[in-house]
Amino acid sequence: MRLFLSGFCLIAMFGAGNSSLTYDLRDLQTLKESKTQVVLLGTGTPNADPERSGPSVAVVVNDTPYIIDFGPGIVRRAAAAFQKGVKGLKVDKLKTAFVTHLHSDHTTGYADLIFTPWTLERKEPLQVFGPKGIKGMTEHLLKAYSQDIDIRVNGGEPSNHTGYKVIAHEIKAGVIYKDENVTVKAFPVKHGTWQQAFGYRFETPDKTIVISGDCVPSEGVVENCNGCDVLIHEVYSTTGFAKRPPEWQKYHSSFHTSSRELAEIASKAKPKLLVLYHQLFWGTSEEDLVKEIQQNYKGKVVSGRDLDIY
Ligand SMILES: [Zn+2]
Ligand SMILES: [Zn+2]
């Protein structure tokens, strides 16, 4: 029983009164209502696979969405998830986002995330958290779309005058966000020559979720997962890698994590569920990629696909 907490208590007596359970009504209510959904909005990479939209994950808690990365296609995938029944992914609810790093495959949906929900009546400014450079990217995008903003605000469209604004926060490692649904911790990961790249740990009332971002094997993932419910980790196929040209092998091995390396990381991190994400297959089937992991990892593992919900 995890319900022995402060507040108004109900003593439920069973049988002749020789056993009793103390419930906190408020906590029962919270547990009943707290439901975290982890939705893969896009599992792609720079490869323009029509089946895999650009990288983006939504952690949805009590119908409030928190977006991690905004690869191309993000808003339409959120709309698809909403149609699938994820109420929290109604487009005008997209207000809070976290970006792992500024690679284009993770950020070319940024303009979409700023402007489409606004056009669909989001009134609040978008809050964005990310590495150094996110402020500059935001300013440049707003400038690039200044004519659109002007026409929608002053050109006769019945638009609100606030929803296109963005509050961009350049973060450091540590707890960077907290509200009634989530505590978000950013931790540094190594992603080749990027000066800053982050993984994120989300604690919600009923789940702990860790997202690696793009990285080589990182101790931060192990420490922050440490038995977490869901670990969403990027990966490339070890078999596919062997067929890549030497210059690309050099690049991938210093920016990304192989299936062999991920098996090792996951064995230490011990997630209840490992989700393969941002997969680079290079001709290897999805099934074989999972097998590559299972050769050295005994935990539960799935290969993520767009619109999967955990
Ligand atoms: Zn990437
Ligand atoms: Zn990257």
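Keep in mind that what you see is a predicted model, and the values were worked out from it rather than measured.

1. Things to note about the packing of helix 4 (residues 110-119) against helix 5 (residues 134-144)
Each pair of packed helices can be described by the angle between their axes along with the distance between the axes.
At step 1: Contact geometry for helix 4 and helix 5: axes closest at 10 Å, N-to-C directions at 55 degrees. What the angle tells us is that helix 4 and helix 5 run oblique. When the axes of helix 4 and helix 5 are compared, the crossing they make is right-handed. Within the contact between the two elements, helix 4 uses Tyr110, Ala111, Ile114 and Phe115 and helix 5 uses Ile134, Met137, Thr138, Leu141 and Leu142.
At step 2: Here the residues of the contact of helix 4 with helix 5 sort into eight nonpolar, one polar and no charged.

2. Looking at the sheet that holds strand 11 (residues 198-203)
At step 1: The seven strands lie next to each other as 9-10-11-12-13-14-15, forming an open sheet whose pairing is mixed. One side of each edge strand has no neighbouring strand; the edge strands of this open sheet are strand 9 (174-178) and strand 15 (301-303). The sheet shows a mean angle of 25 degrees between the axes of neighbouring strands, direction not considered.
At step 2: Pairing between strand 13 (residues 230-236) and strand 14 (residues 273-280): seven bridges, direction parallel. Across the sheet, valine 230 pairs through a bridge with leucine 273, a residue of strand 14.

About the criteria used
Each chain carries its own residue numbering, running from 1 in the written order of its sequence. Lettering for chains starts from A, numbering for ligands starts from 1, and both go in the order in which the items are written. Reporting of local features is limited, given that this is a predicted model, to residues whose pLDDT is at least 70; pairs of side-chain atoms are given and counted only at 80 or more, and all residues count toward the totals for whole chains, interfaces and linings. To get the side-chain values, all heavy atoms of the structure are used, and hydrogens and water are removed first. Only the stretch in contact is used when a helix axis is fitted, and all axes are lines through C-alpha atoms; the angle between N-to-C directions ranges over 0 to 180 degrees. Here a strand is any run of E in DSSP of at least two residues, a helix any run of H or I of at least four, and the numbering for each starts at the N terminus. Each angle receives one of four descriptions, namely roughly parallel if under 35 degrees, roughly antiparallel if over 145, roughly perpendicular if within 65 to 115, and oblique otherwise. Working rule for handedness: look at the near helix, and if it is turned counterclockwise from the far one by less than a right angle, call the crossing left-handed; if clockwise, right-handed. Any two residues whose heavy atoms approach within 4.5 Å are treated as being in contact. Classification convention: Asp, Glu, Lys, Arg as charged; Ala, Val, Leu, Ile, Met, Phe, Trp, Tyr, Cys, Pro as nonpolar; all other residues, Gly among them, as polar. At least two DSSP bridges between two strands are needed for those strands to be called paired.

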